Amino acid sequence: MEAKVNILQAVKIIGGIVLSLGVAMFVFGFFANGFSILTPIGIGTMMGAVFIFLMGIFFVATEEMLQKRYKGIKVVTPVKLSSVK
């Protein structure tokens, strides 16, 4: 359980830092004169931050589902009576 929390915390922190950098680049490139190249870079950085966050959530959800697959009722196939002599 602690590994999941650590992964979520790391994804949250890294995603927040990258998102903040993307917003700063976008705002600086959009409102500052002469640095218009930073506007699309900022948009791409923000999209990358969202992608990083979603992939981290996906990895945690996948790990949890893999741990839960071993729980449950085992299904045993019935033996055919005609094969028993």
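Keep in mind that what you see is a predicted model, and the values were worked out from it rather than measured. (Residues numbered from 1 in each chain as written. Predicted model: local features only at pLDDT ≥ 70, side-chain atom pairs only at ≥ 80, totals over all residues. Heavy atoms only, no water.)

1. Some words on the environment of glutamate 63
Take glutamate 63: it is sitting in helix H2 (residues 38-68). The class for glutamate 63 is partly exposed, based on a relative accessible area of 27%. In the structure, glutamate 63 is positioned 59 residues away from lysine 4 in sequence and 8.3 Å away in space, judged by C-alpha atoms. (Helix = DSSP H or I, 4+ residues; strand = E, 2+ residues; numbered from the N terminus. Buried < 20%, exposed > 50% of the residue type's maximum accessible area, 1.4 Å probe, protein only.)

2. Describing the packing of helix H1 (residues 2-31) against H2
At a closest axis distance of 6 Å, the pairing of H1 and H2 adopts a crossing angle of 170°. For the element pair H1 / H2, the angle class is roughly antiparallel. Our pair here, H1 against H2, has a crossing hand that is left-handed. (Axes fitted to C-alpha atoms, helices over the stretch in contact; angles between N-to-C directions. Parallel < 35°, antiparallel > 145°, perpendicular 65-115°, else oblique. Left-handed = near helix turned anticlockwise from the far one by under 90°.)

3. So, the side chain of lysine 4
As for its placement among the helices and strands, lysine 4 is situated in helix H1. One buried charge, lysine 4, has no salt-bridge partner; the nearest side chain with opposite charge is glutamate 64, at 4.2 Å. Once you skip the residues sitting within four places of it in the chain, lysine 4 turns out to touch Val60, Glu63, Glu64 and Gln67. (Lys, Arg positive; Asp, Glu negative; His and termini not counted. Salt bridge = Lys/Arg side-chain N within 4 Å of Asp/Glu carboxyl O. Contact = heavy atoms within 4.5 Å.)

4. Describing the packing of aromatic side chains
Across all of its chains, the model carries 3 aromatic pairs by this definition. Ring geometry for phenylalanine 26 and phenylalanine 30: centres 5.5 Å apart, planes at 15°, overall stacked. Taken as a pair, phenylalanine 26 and phenylalanine 30 lie in helix H1 at a separation of 4 residues, close to a single helical turn. A relative accessible area of 25% places phenylalanine 26 in the partly exposed class. Ring centres 6.1 Å apart and planes at 50° place the aromatic pair phenylalanine 58 and phenylalanine 59 in the tilted group. Feature note: the residues Phe26, Phe30 and Phe31 constitute an aromatic cluster, connected by ring pairs. (Phe/Tyr/Trp six-rings, centres within 6.5 Å; stacked < 30°, edge-to-face > 60°.)

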